[in-house]
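# Overview (structure and organization)
One-letter residues, chain by chain:
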Amino acid sequence: MINVSHLTKKYGRFTANNNMSFIVENGEIAVLAGPNGAGKSTAIKCIAGLLRFEGEIEICGFNNKSIEAKRLLGYVPEIPAPFELLTVWEHMEFIARAYKLENWQERAEMLIRRMELADKKNKMGKELSKGMQQKISICCALLIEPAAVLFDEPFVGLDPHAIKELKAMLSELRGKGTTIIISTHMLDSVEEFWDKLLIMMNGRIEAERERKAVEKSGENLEELFFMITEKNNGSAEEKDKGE
Ligand code: ADP
């Protein structure tokens, strides 16, 4: 479970996340949707414990900056940052050692195979394309069998096979009770599998919907998305660079 309570993040005087609160339950896929600049990546980085912020965030009941929370949380960043001089397999070894995993090899093999990196096992990070680097990030995040996992724009830059495979993995993770947050600026990329939808604009959650309620009401989410994101677009561009 991920519990975000009154999250506010400022870069200098500019407010990138403005008093955001939401809960994602175990076995639930929440989607943070919004146009570029809405504040999705910032919120994900705050949840991952990478930025300072105001408010409180808990991962499975632990403060997100605690070691306990970090052990439970996987994070796939928007821009992959593999170690240039480690091979694909060495990335797996590195994560396994850092997290003190046991009997991880078979799982690592499975992840690498599903992400079609098996023939690249001995290639170094710097020798891989951006899409392949992103696949390493996914393998690293999932190797620890996280109780909760954050994906920042995971489908951008992946080839169709990897997108299909990742979608299958997301369903499997949900079935095992994993808490999942995905950010996207393309609503249609997540339409088959979201459980909770949070539409963001200018750092705020402007609408929150549960799949079951939408299925009942028949509400048109695309219309809702554009109504929210096309109103007020482009405000608050005056800001200081910080952090
Ligand atoms: P999204 O992921 O929805 O595209 P971001 O969270 O990346 O949005 O950015 C939200 C806002 O915060 C944008 O206006 C962006 O320019 C600003 N921003 C992001 N990172 C920084 C930073 N390090 N310093 C200053 N402003 C930033």
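Residues numbered from 1 in each chain as written. Predicted model: local features only at pLDDT ≥ 70, side-chain atom pairs only at ≥ 80, totals over all residues. Heavy atoms only, no water.

### Some words on the overall build of the chain
- When helices and strands are tallied, the chain shows eight helices and ten strands.
- Scored against the burial criterion, the 243 residues of the chain give a buried share of 48%.
- Contacts in the chain between residues far apart in sequence, at least 24 positions, make up 67% of those at least 6 positions apart.
- For the chain, the computed accessible surface area is about 12,400 Å², with 49% contributed by carbon and sulfur atoms.
- Within the chain, the 38 negative side-chain charges are centred at a point lying 3 Å from the centre of the 33 positive side-chain charges. (Helix = DSSP H or I, 4+ residues; strand = E, 2+ residues; numbered from the N terminus. Buried < 20%, exposed > 50% of the residue type's maximum accessible area, 1.4 Å probe, protein only. Contact = heavy atoms within 4.5 Å. Areas by Shrake-Rupley, 256 points an atom, 1.4 Å probe, with all protein chains shown as cover. Lys, Arg positive; Asp, Glu negative; His and termini not counted. Charge placed at Lys NZ, Arg CZ, Asp CG, Glu CD.)

### A few points about the nonpolar core
- Met92, Phe151 and Leu170 are the most contacted members of the largest nonpolar core, which has 48 residues in total.
- Per-element accounting of this core gives the leading share, seven residues, to helix 5 (residues 130-143).
- When sequence neighbours within four positions are dropped, the list of residues in contact with Phe151 reads Ile44, Val76, Leu142, Leu166, Leu170, Ile180, Ile181, Ile182 and Ser183.
- In this structure, Val4, Ala30, Leu51 and Leu150 belong to the second largest nonpolar core, which totals 27 residues. (Core = buried A, V, L, I, M, F, W, Y, C linked by side-chain atoms within 4.5 Å.)

### Overview of helix 5
- Taking 1.5 Å per residue, 14 residues should reach 20 Å; helix 5 reaches 20 Å between its end C-alpha atoms and fits that length.
- The buried fraction of helix 5 is high, at twelve of 14 residues.
- Of the positions making up helix 5, those classed as buried are Gly131, Gln133, Gln134, Lys135, Ile136, Ser137, Ile138, Cys139, Cys140, Ala141, Leu142 and Leu143.
- On its buried face, helix 5 is in contact with strand 6 (73-76), helix 3 (88-98), helix 4 (105-114), strand 7 (148-152) and helix 6 (160-175). (Expected span 1.5 Å × (residues − 1).)

### Some details on the confidence of the model for the chain
- Mean pLDDT over the chain: 94, with 95% of residues reaching 70 or higher.
- The low-confidence segment residues 235-243, where pLDDT is below 50, has 14 contacts with residues more than four positions distant or belonging to other chains. (pLDDT = per-residue confidence, 0-100.)

### Some remarks on a negative patch on the surface
- There is a patch of like negative charges on the surface, built from Asp188, Glu191, Glu222 and Glu223.
- As for its placement among the helices and strands, Glu223 is situated in helix 8 (residues 221-230).
- In this structure Glu223 comes out as exposed when scored by relative accessible area, which is 55%. (Patch = residues over 30% accessible without salt bridge, like charges linked within 9 Å, V, L, I, M, F, W, Y side chains within 5 Å. Salt bridge = Lys/Arg side-chain N within 4 Å of Asp/Glu carboxyl O.)

### Some details on the sheet that holds strand 5 (residues 62-63)
- Taking strand neighbours across the sheet as the criterion, the four strands line up as 2-1-4-5 in an open arrangement whose pairing is antiparallel. On the outer flanks of this sheet lie strand 2 (14-24) and strand 5, each paired with one strand and no other. (Pairing = 2+ DSSP bridges.)

### Concerning the environment of Lys40
- For Lys40, the position within the fold is in helix 1 (residues 40-47).
- When its relative accessible area of 6% is taken as the criterion, Lys40 is described as buried.
- Once the C-alpha coordinates of Lys40 and Lys100 are considered, the two residues, 60 residues apart in sequence, prove to be 31 Å apart.
- If near-sequence neighbours (up to four positions away) are discounted, Lys40 is found in contact with Leu32, Ala33, Gly34, Pro35, Glu153, Ser183, Thr184, His185 and Met200.

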